[in-house]
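Spelled out from the first residue to the last, the chains are:
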Amino acid sequence: MKLTGAQILCESLIKEGVEVIFGFPGGAVLPLYDTLPHYPQLRHILVRHEQGAAHAADGYARATGKVGVCFATSGPGAANLVTGIANAHLDSSPIVAVTGQVARPFIGKDAFQEIDITGITVPITKHNYLVMEAKELATMVKEAFHIARTGRPGPVLIDIPRDVFIEEATFRYPEKVDIPGYRPTLSGHPTMIKKAAKLINEAQRPVIIAGRGVIISQAGAELTELVEKAQIPLITTLLGIGCFPEKHILSFGMLGMHGMAYANMAISNSDLVIAIGIRFDDRATGKVSDFAPEAKVIHIDIDPAEIGKNVRVDVPIVGDVKNVLQALNPQINSRTRVEWLAQVDEWRRQHPLLDIREHDGLLPQYVVRQIYEVTQGEAIIVTGVGQNQMWAAQHFWYQRPNTLISSGGLGTMGFELPAAIGAKVGRPDEAVWAIAGDGGFQMTIQELATAVQENVAVKIAILDNGFLGMVRQWQDLFYNRRYVATRLSGPDFAKVAEAYGMPGLRVSDKALVASAIQQAMDHNGPFLIDFVVEPEENVYPMVAPGAAISEIIEEPRERVSLKVGPSDISNL
Ligand SMILES: Cc1ncc(C[n+]2csc(CCOP(=O)(O)OP(=O)(O)O)c2C)c(N)n1
């Protein structure tokens, strides 16, 4: 059967199970857009900026575990995807980005809207393709999806010249993929697994640090078995949050710069770190030479490039987390670790993170806590970057995988709204809340129009402190309170929401927070709340940049006077 390149692309996407595309048209992709109406199975969501398309595809991928897809035209359209592709790359999120390119005879001639997007995206994609013949397209799409979703997932870009969309070729979708040189190692080496089991069985003060690799590998059950059988405190990275129920008695929170003090102390005093599906990011490890100084390190990861990259490793295990844990768990002895757990628990009691000080004004932590209370923890939270991100991680208890969606590696302000739109499109059954800072929100604010036009019922909570809060916090703590370029004016976001066609509320009174959240939940459509919060609140605890994670700056004690805990916090 002969089809045009555009038809081949659409047929191939359907074969891959694609249902939604986030995109923005232009000249080079016009033949593709002209074909789309013939494929009603493919829902196209028109964003307002291509960065939004890439983030939405990323949010969709993280919320569903499927590959997210975005389209953009050549030149500026493709360039606008770059931040979103890099974001997906650093957080191992599987997306396929399709870009139009100028027609083949114009390539390399600085033609109108020509950029070398395959060149630009080499370091931020897992792989990319420039399709020079329509007959190659189906195989390339098949490979692209295979590469994006297997091994360590990540973004793949397919660049298609305008005339390739029009060229005809025989369509046959390949059954199988064969990419010599790309064979992710799935099973861990038995000798290494045996060594790891021995270390775990002999350890006196072990900790597990679990990351997004556990979520990607869907290894929650295997992780729980290991934690409970060996009675090991479980700590997560930011992106690992949700891989293990945070209300579980053996869950000891998040590590790192704004991690729980007791998690950082447990790691710093441990004799064995079992790192599972993590990449030892510097925000997690702090000063590497002082990281877990007394511990041996077992590192399980599917990407061999991660092993030994940042932290010395005693037992490397390259493989898919689920497979490795299935092989490891039977070799682990059931045992108790009364003293060690009592010690870690004692640190948890000495350094409670859950306190919110008594204050007449509206504290941002209080808003996050109220979202937790009103949703009863049943929501997907998509964060911006900065203080709002850390409070969302600290003051909400995540019980399920993929319920915290956050830009961890790249730290991309503006991720929250488009990624929340993607998450809600992928999981319409879930309540999806974007928790934003007023700075980051203004970077992709235009996607409010996308939510309205497509009636995507995201709920948006802006923690509006009138500052680029996290940067102001660094100026406060490390630059003698010289607030340069961090005071931020912004609009009344509730009015902006209304102008875009969705309801908006502006809340500065503590007493009205819960009812506003409830009102948003009850509304059948997108809804925005502009929470005008205390402008100079800081995130604690904090480890200063470059310091060891054991050097924890805690909230000044006199400010912590009232405990406002969620009703079920006694289960912790
Ligand atoms: C695109 C981008 N530019 C700059 C930064 C640096 N940065 C990190 S946090 C932050 C402040 C964020 O302010 P806001 O969005 O208001 O959130 P808050 O920290 O106040 O919660 C900045 C500027 C970034 N992470 N991303």
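Description of the structure in this document. (Residues numbered from 1 in each chain as written. Predicted model: local features only at pLDDT ≥ 70, side-chain atom pairs only at ≥ 80, totals over all residues. Heavy atoms only, no water.)

### Describing the packing of aromatic side chains
Quick note on the threshold: Each aromatic pair joins two rings of Phe, Tyr and Trp (for Trp, the six-membered one) with centres within 6.5 Å, and gets the label stacked for planes under 30 degrees apart, edge-to-face for over 60, and tilted for any other angle. Note on criteria: charge over ring means Lys NZ or Arg CZ within 6 Å of the ring centre, with the direction from the centre no more than 35 degrees off the ring normal.
Using the criterion set out here, one finds twelve aromatic pairs in the structure. Between Trp340 and Trp347, the aromatic rings sit 6.0 Å apart at their centres with planes inclined by 85°, giving edge-to-face as the arrangement. Above the plane of the ring of Phe467 lies Arg472, whose end atom (NZ or CZ) is 5.5 Å from the centre. It is Lys510 that lies over the ring of Tyr366; its NZ or CZ is 5.7 Å from the centre.

### Here we look at the environment of Ala210
To keep it simple, the criterion reads: What counts as a helix is a DSSP run of H or I of at least four residues, what counts as a strand is a run of E of at least two, and both are numbered from the N terminus. Contact between two residues is taken to exist if any of their heavy atoms lie within 4.5 Å; hydrogens are not considered.
Within the element layout of this structure, Ala210 appears in strand 9 (residues 206–210). C-alpha separation for the pair Ala210 and Ala547, spaced 337 residues apart in sequence, amounts to 22 Å. Once residues within four sequence positions are removed from consideration, Ala210 is found in contact with Leu223, Leu234, Ile235, Thr236, Thr237, Gly240, Cys243, Ile276 and Ile278.

### Side note on the site of the ligand
How we decide: Any residue with a non-hydrogen atom lying within 4 Å of a molecule or strand is treated as near it. Any pair of nitrogen or oxygen atoms within 3.5 Å is treated as a polar contact; in protein, a donor-acceptor pairing is required on top of that, and neighbouring residues in sequence qualify only through side-chain atoms on both sides. Surface accessibility follows the Shrake-Rupley procedure with a 1.4 Å probe radius. Residue values consider only the protein chains on display as shielding.
Around the ligand lies a shell of 17 residues, among which Gln387, Gly411, Gly439, Gly440 and Gly469 are the nearest. At 2.9 Å from an oxygen atom of the ligand is found a main-chain nitrogen or oxygen belonging to Asn388. One of the side-chain N or O atoms of Asn465 is found 3.0 Å from an oxygen atom in the ligand. Bound to the protein, the ligand loses 76% of the 580 Å² it would expose on its own. Looking at the shell around the ligand, the elements with two or more residues in it are helix 16 (387–394), helix 18 (438–441) and helix 20 (469–478).

### As for the pattern of salt bridges
Defined as follows: Salt bridges are defined as contacts in which a side-chain nitrogen from Lys or Arg sits within 4 Å of a carboxyl oxygen from Asp or Glu. Each residue gets one of three labels from its accessible area relative to the maximum for its type: buried under 20%, exposed over 50%, partly exposed in between, using a 1.4 Å probe on protein chains only.
Applying the stated criterion to the full structure yields 32 salt bridges. Between Arg400 and Glu378 there is a salt bridge, and its shortest N-O distance comes to 3.4 Å. Taken together, the positions of Arg400 in the loop between helix 16 and strand 16 (404–405) and Glu378 in the loop between helix 15 (364–375) and strand 15 (380–383) put the pair 22 residues apart, joining distant regions of the chain. Residue classification places Glu378 among the partly exposed positions, given a relative accessible area of 47%. Close ionic contact of Asp492 with Arg506 constitutes a salt bridge, the shortest N to O distance being 3.9 Å. Of this pair, Asp492 sits in the loop between helix 20 and helix 21 (493–500) while Arg506 is found in strand 19 (residues 504–507), placing the two residues 14 residues apart along the sequence.

### A word on unusual backbone geometry
With an omega of -5°, the peptide bond running from Tyr540 to Pro541 counts as cis. Summarising the element assignment, Pro541 is placed in the loop between strand 20 (527–532) and strand 21 (542–543). Despite not being glycine, Gln113 has its phi angle at roughly 60°, a positive value. Within the fold, Gln113 resides in the loop between strand 5 (95–101) and helix 5 (117–121).

### Some remarks on the state of the cysteines
Stated precisely, the cut-off is as follows: A pair of cysteine sulfur atoms is labelled a disulfide when the two atoms are within 2.5 Å.
If you walk through the whole model with that rule in mind, you get zero disulfides. The cysteine Cys10 is free of any disulfide, with Cys70 supplying the nearest cysteine sulfur at 15 Å.

### Re empty space enclosed by the protein
Definition in use: The rule is simple: put a 1 Å grid over the protein atoms alone, call a set of points where a 1.4 Å probe fits but cannot get out a cavity, call an open set with protein on both sides within 12 Å along at least five of seven lines a pocket, and count a residue as lining if it has an atom within 4 Å of a point. Grid points are joined across faces, edges and corners, and a volume is the space filled by probe spheres set on the points. In the scheme used here, Gly and all other residues not listed as nonpolar or charged are polar, with Ala, Val, Leu, Ile, Met, Phe, Trp, Tyr, Cys and Pro taken as nonpolar and Asp, Glu, Lys and Arg as charged.
For the structure shown, the criterion picks out two cavities of 30 Å³ or more. If you add up the space inside the second largest cavity, you get close to 70 Å³. Together, Arg62, Arg212, Ile215, Leu239, Ile241, Asn402, Leu404, Ile405 and Ser406 line the second largest cavity. Only helix 9 (212–216) and strand 16 provide two or more residues apiece to the lining of the second largest cavity. Tallied by class, residues from the lining of the second largest cavity come to five nonpolar, two polar and two charged.

### Digging into the packing of helix 15 against helix 22 (residues 513–522)
Helix-helix packing is described using two parameters, namely the angle between the two axes and the distance between the axes. The criterion, for reference: With axes taken as lines fitted to C-alpha atoms, and helix axes fitted only over the stretch in contact, angles between N-to-C directions fall between 0 and 180 degrees. The labels follow the angle: roughly parallel below 35 degrees, roughly antiparallel above 145, roughly perpendicular from 65 to 115, and oblique for the rest. In this scheme, a crossing is called left-handed if the near helix is turned counterclockwise away from the far one by less than a right angle; it is called right-handed if the turn is clockwise.
Viewed as axis vectors pointing N to C, helix 15 and helix 22 meet at an angle of 50°, and their least axial separation amounts to 9 Å. As far as their axial angle goes, helix 22 and helix 15 are oblique. Read as a crossing pair, helix 15 and helix 22 show a hand that is right-handed. Counted together, Tyr366, Val367, Gln370, Ile371, Val374 and Thr375 of helix 15 and Val513, Ala514, Ile517, Gln518 and Met521 of helix 22 form the full contact between these two elements.

### Some points on the sheet that holds strand 16
The test is simple: Pairing between strands requires that DSSP locate at least two bridges from one strand to the other.
Read across the sheet, six strands follow the order 16-15-17-18-20-19 without closing on themselves; strand pairing throughout is parallel. The outermost strands of the open sheet, each flanked by one partner alone, are strand 16 and strand 19. In this structure, strand 19 lies alongside strand 20, joined through four bridges in parallel fashion. Bridging from a neighbouring strand, Arg506 pairs with Asp530 of strand 20. Strands strand 18 (459–464), strand 19 and strand 20 of the sheet are contacted by helix 21, whose axis makes an angle of about 175° with strand 19.

### A few points about the pairing of strand 9
For strand 9, a buried count of five out of five residues is recorded, marking the element as mostly surrounded by other parts of the structure. Burial along strand 9 is two-sided: the face carrying Pro206, Ile208 and Ala210 and the face carrying Val207 and Ile209 are both buried. In this sheet, strand 12 (residues 272–276) lies alongside strand 9 in parallel orientation, the contact comprising five bridges. The residue of strand 12 that forms the bridge with Pro206 is Leu272. Pairing of strand 9 with strand 10 (residues 234–236) involves three bridges; the strand directions are parallel. The partner of Ile209 across the bridge, within strand 10, is Ile235.

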